[in-house]
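These are the residues of each chain, in order.
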Amino acid sequence: MLDKTVTDWKTAAARLDIEGRALIDGRFVDALSGQTRTSYNPADGSPLAEVANCGAEDAEVAVTGARRAFERGVWANMAPMDRKMVLVRWAELIEDNREALALLESLDVGKPISDTLNVDVPAAARTIRWSGEAIDKVYDEISPTPSDCLALVQRLPLGVVAAIVPWNFPLSTTAWKLAPALATGNSVILKPASNTPLSALFIARLASEAGLPDGVLQVLPGPGGSLGKHLATHMDIDGLTFTGSTPVGKKLMEYSGRSNLKRTFLELGGKSPNIVFADANLDKAATMAAVAVFYNGGQTCTAGTRLIVEETIRDEFLERVIGKARDWMPGDPLDPGTRMGPMIDRGQFETVAGYVELGRQEGAELVFGGGRVLEKSGGYYHEPSVFSAVDNGMRIAQEEIFGPVLSVLTFKDAEEAVRIANDSIYGLAGAVWSSNINTAHKVAAAVRVGTMGINNYFGGDITVPFGGFKQSGNGRDKSMHAFHDYSELKTTWIEFE
Ligand code: NAP
């Protein structure tokens with residue numbers, strides 16, 4: 001399996017049977033309008049599939065079906081032990097279809113096949129299995145009342161939940177939403193990103209095969225500005241869980257306030273600091289500084305885009321990072337040796353190229369990369385790029401570029417490192433590298449982010465919560481904490497006579 005060549009993958013791609021219809025109320029159907037949207041392969045711009053372009057009228061059918069399923073209790077009232085069995089079976093089916101799903105995700109997103117095969121697909125299966133296995137170990141509460149009373153504090157599903165996800169990690173973010181929302185008994189309507197709807201449709205079919213009752217999970221591809229807004233302002237949707245950009249997240253809070261105050265949980269953007277002290281393991285820190293910013297072409301919410309280096313090692317460390325950046329030249333995503341693929345589309349490519357130009361104008365020094373490559377392939381590939389002499393006030397240090405562009409800054413002491421790290425509207429993730437545990441821990445504690453690594457970047461697994469401080473959001477995906485986002489607490493106070 002792992003020794004498949006690029007030719008093997010291309011042959012398999014040509015044979016792939018791709019589902020582009022929406023899953024509504026237990027059936028794969030076209031949009032009621034009959035409209036479709038073409039899904040393209042970012043690697044070469046070739047069309048992959050025609051996908052249902054759903055609108056408000058499709059959403060109405062889906063909401064009615066989701067509500068009906070919830071009220072009938074076909075899933076919500078099922079014993080958690082039985083919901084577990086369905087989720088575990090679903091995870092198994094995802095694993096059984098690992099290669100086809102990894103290939104589909106690679107084609108739709110432009111992610112390297114080695115990543116989708118070894119990271120995205122196994123992580124999605126793990127998330128669903130873990131949530132299923134956890135849900136029948138969650139106990140509710142009896143509060144400490146006087147003996148003539150009994151008070152029950154129960155966790156109940158919200159009801160109908162809409163989930164809206166982005167294009168950069170379609171499968172992972174979908175699993176992070178669906179697993180806890182379904183485990184807790186909700187009916188869920190998923191709106192994938194318009195660019196990348198295919199893996200969600202694929203795994204939704206597997207969920208039905210695993211025994212998820214009709215109407216409990218529906219997948220509606222369609223435009224965020226119309227379909228997404230319709231769901232977010234709907235009066236009969238009880239919860240909204242979102243992963244995407246901070247500007248859209250702000251709109252969703254408004255939509256919630258303007259409609260029915262649906263519970264709204266947001267996982268948003270980032271501009272994460274990666275702090276390196278002179279006493280760190282510099283080779284490992286440099287390797288991971290490159291991984292932190294170039295993995296997934298920098299199209300990663302937690303990307304370590306601000307590398308904040310102790311002044312005394314600036315030149316030496318920069319040399320090391322540039323050496324590592326050379327390993328990240330982009331290539332064909334279906335080549336198992338490729339580490340970085342194309343940008344998702346022309347718009348994202350132009351955004352990245354625009355920020356590189358802006359960095360130059362702002363006075364930062366472009367010390368590596370900066371150009372487009374493989375132009376003739378039809379895809380939009382950008383070189384890994386490194387700016388030094390960056391001031392944290394520059395726009396390239398403040399704004400989320402969402403591409404393979406690293407800003408290198410320097411600090412004199414720990415206090416200054418923390419001040420620079422926290423000088424951001426975002427607070428999603430970060431890391432600090434030092435062989436002194438006192439320095440490392442004090443800095444990690446002072447940086448205001450949801451996830452902080454010490455001597456690692458991207459550390460963590462399904463057992464720990466994930467989410468942001470500040471304008472990086474307000475919810476938590478993963479771990480048992482994710483169950484809170486999809487539940488209401490209900491008190492029942494009983495008095496004995
Ligand atoms: P985006 O533009 O905010 O879109 C995200 C989703 O929202 C898409 O499905 C989009 O639909 C939909 N949408 C857009 N406008 C909407 C509206 N007015 N009402 C309802 N839905 C709407 O983000 P993106 O460009 O896809 O993804 C990149 C962003 O996601 C980055 O900021 C990244 O940091 C963030 N992200 C955060 C995390 C995290 O866990 N914190 C993880 C991954 C990504 P269309 O596709 O049709 O536009």
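In what follows, the structure referred to is the one given above.
Residues numbered from 1 in each chain as written. Predicted model: local features only at pLDDT ≥ 70, side-chain atom pairs only at ≥ 80, totals over all residues. Heavy atoms only, no water.

**Examining the packing of helix α4 (residues 98-109) against helix α5 (residues 113-135)**
Taken N-terminus to C-terminus, the directions of α4 and α5 make an angle of 115°; their axes are 9 Å apart at the nearest point. The two elements α4 and α5 meet at a crossing, and its hand is right-handed. Residue-level inspection shows R98, E99, L101, A102, L103, E105 and S106 of α4 in contact with α5, the latter providing I113, T116, L117, N118, V121 and P122. Considered class by class, the residues forming the contact of α4 with α5 number seven nonpolar, three polar and three charged. (Axes fitted to C-alpha atoms, helices over the stretch in contact; angles between N-to-C directions. Helix = DSSP H or I, 4+ residues; strand = E, 2+ residues; numbered from the N terminus. Left-handed = near helix turned anticlockwise from the far one by under 90°. Contact = heavy atoms within 4.5 Å. Nonpolar A, V, L, I, M, F, W, Y, C, P; charged D, E, K, R; others polar.)

**Section: the nonpolar core**
Side chains of a nonpolar character, in soluble globular proteins, are inclined to be buried together. In this structure, W90, I94, I128, L182, L212 and L217 are the most contacted members of the largest nonpolar core, which totals 55 residues. Of all the elements, helix α7 (residues 198-210) adds the most residues to this core, at nine residues. (Core = buried A, V, L, I, M, F, W, Y, C linked by side-chain atoms within 4.5 Å. Buried < 20%, exposed > 50% of the residue type's maximum accessible area, 1.4 Å probe, protein only.)

**Focus: the environment of L240**
Mapped onto the secondary structure, L240 falls in strand β10 (residues 239-243). Residue classification places L240 among the buried positions, given a relative accessible area of 1%. In this structure the C-alpha to C-alpha distance between L240 and G185, which are 55 residues apart in sequence, comes to 15 Å. The residues contacting L240, other than those within four sequence positions of it, are A162, I164, A232, L252, K262, R263, T264 and F265.

**Section: the site of the ligand**
Around the ligand sit 30 residues, and of these V165, S194, S245, L268 and E400 come closest. Side-chain polar atom of W167 to an oxygen atom of the ligand: 3.0 Å apart, as the coordinates give it. Interatomic distance of 3.2 Å between a side-chain N/O atom of Y255 and a nitrogen atom of the ligand. Bound to the protein, the ligand loses 87% of the 900 Å² it would expose on its own. Secondary structure elements with two or more residues in the shell around the ligand: α8 (224-232), β10 and α9 (246-258). Considering every element that reaches the shell around the ligand, the biggest residue donor is α9, with four residues. When the residues that make up the shell around the ligand are grouped by side-chain class, the tally is 16 nonpolar, nine polar and five charged. (Near = heavy atom within 4 Å. Polar contact = N/O pair within 3.5 Å; in protein donor to acceptor, adjacent residues only side chain to side chain. Areas by Shrake-Rupley, 256 points an atom, 1.4 Å probe, with all protein chains shown as cover.)

**Digging into the sheet that holds strand β23 (residues 487-495)**
The strand order β5-β6-β23 describes an open sheet built from three strands, whose pairing is antiparallel. In this open sheet, the two strands that pair with only one neighbour each are β5 (141-142) and β23. Relative to strand β6 (residues 149-157), β5 runs antiparallel, the two being bridged by two bridges. Of the residues in β6, the one forming a bridge with E141 is V153. (Pairing = 2+ DSSP bridges.)

**So, the side chain of R83**
Following the sequence through the fold, R83 ends up in helix α3 (residues 80-96). Although R83 is buried, it forms no salt bridge, and the closest oppositely charged side chain is D82 at an N-O distance of 8.9 Å. Here the side chain of R83 touches W75 through a polar contact of 3.3 Å, landing on its backbone oxygen. Each residue touching R83, except ones within four places of it in the same chain, is listed here: W75, A76, M78, I135, L182, A183, T184 and G185. (Lys, Arg positive; Asp, Glu negative; His and termini not counted. Salt bridge = Lys/Arg side-chain N within 4 Å of Asp/Glu carboxyl O.)

**Topic: the pattern of salt bridges**
Pairing is possible between side chains of opposite charge, provided their charged atoms come close. Tallied over the entire structure, the rule returns 26 salt bridges. Across the pair E19 and R21 runs a salt bridge, and its minimum N-O distance is 3.0 Å. Residue R21 is classed as partly exposed on the basis of its relative accessible area of 34%. For K84, the salt bridge identified is with D136, shortest N-O distance 2.8 Å.

**Section: the pairing of strand β17 (residues 385-388)**
Residues S385 and F387 point to one face of β17 and V386 and S388 to the other, with burial holding for every one of them. Strand direction decides the pairing type here: strand β14 (residues 365-368) and β17, joined by three bridges, are antiparallel. What sits directly across from E365, in β17, is S388. In this sheet, strand β18 (residues 405-411) lies alongside β17 in parallel orientation, the contact comprising three bridges. Along β18, the bridge assignment pairs V386 with L406.

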